[in-house]
Amino acid sequence: MSAKPGVAFHDFRISSSRDELSAVERVLNSGWLILGEEVRLFEEAWAAMCGLEYAVGVGNGLDAIEIGLRAAGIGPGDEVITTPMTAVATVLGILRAGATPVLADVDPEHALLDPASVDRCVNRATRAVLLVHLYGQMRDMAVWTDLCDRHRLTLVEDCAQAHDASCQGRMAGSVGQFGAYSFYPTKNLGAVGDAGALVTSDPELAQTALKLRNYGQSNRYEHPLRGLNSRLDEIQAAVLRARLPGLRDSTSRRRQIARAYEENVSSPWVQLPGLPQHSENHVYHLFVVRSPHRDALQAHLAASGIQSLIHYPIPVHQQRSLAGIRMDPQGLPIAERHARECLSLPCAPHLNDVEVSRVIDAINAFRP
Ligand SMILES: *Cc1c(COP(=O)(O)O)cnc(C)c1O
């Protein structure tokens, strides 16, 4: 029996600061529970964080993608190119907007969408590229704006893993026509339940999104659009606003842990992830290594009390529910290999230096 406590991947207990509890108390005392002042103040704060005019709070990240696409006029008959190496929600959002998802392959080093593969997927029906800042990486944005200009496509961003990431001074979500955020509890900024937002500088898109999230309502009981019920509640908004001031520090801590892994993991059986172009391009939502002996490595870590996860074990095109999905005519071999080899190490602000060293030592002691 090991006396050491395990190294946990996540820790959802609220921070010791009283701010979160007093935020909840404030809402409960106010008696206003959905779409009120707390939501408005969080939207204002999140738009400012992203350097944009508008943020629209919604129920979750999947809805933010659907609502953003619909508000941008992207729907039936339109193809949207995205990645198979993502949360399935990315693709479900495209489908729910009524558009057709098309999957392009990823690059082997970062597991991000590969522009050459995207080029092969473009045809006359293509309307947009939905870029996913996977694992917290926001890089090569000039490549994407150029590619979209060249083919006259709309660029949109799935920022669910990229809170606080930026590229050449532009925050995630501010390069494309809109950015979709999730505040699911595991994300770098997490609520105490489901929450999401879309951000944009486009006033019309923001106005349409405000209607779509609330039954398509313009004035009370008047519904010019067929909307959905995706309202952010006041408790989630209040907790998010209480947690927002801590985001910068928790991003710094993630980067510190990532640097410790990059400098000290030396196993010949483990491939480290590609480095960011600049430190601000990566917020290390996940620290993902690759190994041809991935399952053995995961079992070895578990035996040392270290929890690891796989993002993602099944690429989107191999999900049974999405059989027949369109893709690069050359297939998606890099994404498939990544799914077989990737392993996410604990990399979150709740970890102390001793725990990080334990992870490093355990990896370096691994023998397949
Ligand atoms: C979490 C996540 C989503 C979905 O967000 P939910 O709030 O769970 O709906 C979408 N895309 C990516 C890349 C995610 O990581």
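The following paragraphs examine the structure supplied in this document. Since the model is a prediction, treat every value here as computed from it, not as a measurement.

Section: unusual backbone geometry
In step 1: Here the bond from His311 into Tyr312 is cis, since omega is 10°, no more than 30 degrees from zero.
In step 2: The topology assignment puts Tyr312 in the loop between helix H10 (294–303) and strand E11 (326–327).

Digging into the site of the ligand
In step 1: Lining the immediate surroundings of the ligand are 14 residues, of which Gly61, Asp158, Gln161, Ser182 and Lys187 lie closest.
In step 2: One nitrogen or oxygen atom from the main chain of Leu62 is found 2.9 Å from an oxygen atom belonging to the ligand.
In step 3: Contact with the protein chains hides 89% of the accessible area of the ligand, taken as 380 Å² for the molecule alone.
In step 4: Looking at the shell around the ligand, the elements that each hand over two or more residues are helix H3 (61–71) and helix H4 (88–96).
In step 5: Per-class residue counts for the shell around the ligand are six nonpolar, six polar and two charged.

Quick look at helix H1 (residues 19–30)
In step 1: The terminal C-alpha atoms of H1 lie 16 Å apart, and with twelve residues this matches the ideal 16 Å at 1.5 Å per residue to within 8%.
In step 2: All of the buried residues in H1 are Glu20, Ala23 and Val27. Looking down the long axis of H1, one finds its buried residues gathered within 60° of arc, a one-sided arrangement. In H1, the exposed residues that point more than 90 degrees away from the buried face are Leu28 and Asn29.
In step 3: On its buried face, H1 is in contact with helix H2 (37–49) and helix H8 (234–243).
In step 4: Remark: Gly31 follows H1 within two positions and exhibits a positive phi of approximately 80°.

Details of empty space enclosed by the protein
One simple way to see leftover space: roll a probe sized like a water molecule over the atoms.
In step 1: All told, the structure shown has two cavities of 30 Å³ or more when counted by the stated rule.
In step 2: Size it by volume and the largest cavity reaches roughly 130 Å³.
In step 3: Around the largest cavity sit 17 residues that line it, and Glu109, Tyr135, Pro273, Gly274 and Val288 are the ones nearest its centre.
In step 4: The element contributing the most residues to the lining of the largest cavity is strand E10 (residues 287–290), with four residues.

With respect to the packing of aromatic side chains
In step 1: Within this structure, the stated rule accounts for seven aromatic pairs.
In step 2: Centroid distance Phe42 to Phe183: 5.3 Å. Interplanar angle 80°. Geometry classified as edge-to-face. Here Phe42 is found in helix H2, whereas its partner Phe183 is found in the loop between strand E8 (179–182) and strand E9 (196–200), with 141 residues between them in sequence.
In step 3: The buried category is assigned to Phe42, whose relative accessible area is 1%.
In step 4: Aromatic pair Tyr181 and Phe183: ring centres 6.3 Å apart, planes at 5°, arrangement stacked. For the pair formed by Tyr181 and Phe183, the shared burial category is buried.

Looking at the nonpolar core
Side chains of a nonpolar character, in soluble globular proteins, are inclined to be buried together.
In step 1: Judged by nonpolar contacts, the single largest core of 43 residues is most densely connected at Trp46, Val129 and Phe183.
In step 2: Of all elements in the fold, only H2, helix H5 (115–121), strand E4 (126–132), helix H6 (141–151), E9 and H8 reach the threshold of two or more residues within this core.
In step 3: In terms of residue count, the dominant contributor to this core is H2 (five residues).
In step 4: The residues touching Phe183, leaving out its near neighbours within four places in the chain, are Phe42, Trp46, His163, Leu189, Gly190, Ala191, Gly193, Ala195, Gly196, Ala197 and Leu240.

Reading the values: rules and limits
- Residues numbered from 1 in each chain as written.
- Predicted model: local features only at pLDDT ≥ 70, side-chain atom pairs only at ≥ 80, totals over all residues.
- Heavy atoms only, no water.
- Helix = DSSP H or I, 4+ residues; strand = E, 2+ residues; numbered from the N terminus.
- Near = heavy atom within 4 Å.
- Polar contact = N/O pair within 3.5 Å; in protein donor to acceptor, adjacent residues only side chain to side chain.
- Areas by Shrake-Rupley, 256 points an atom, 1.4 Å probe, with all protein chains shown as cover.
- Nonpolar A, V, L, I, M, F, W, Y, C, P; charged D, E, K, R; others polar.
- Expected span 1.5 Å × (residues − 1).
- Buried < 20%, exposed > 50% of the residue type's maximum accessible area, 1.4 Å probe, protein only.
- Arc of directions from axis to C-beta.
- Contact = heavy atoms within 4.5 Å.
- 1 Å grid on protein atoms, 1.4 Å probe; cavity = no way out; pocket = protein on both sides within 12 Å on 5 of 7 lines; lining within 4 Å.
- Points joined across faces, edges and corners; volume = space filled by probe spheres on them.
- Phe/Tyr/Trp six-rings, centres within 6.5 Å; stacked < 30°, edge-to-face > 60°.
- Core = buried A, V, L, I, M, F, W, Y, C linked by side-chain atoms within 4.5 Å.

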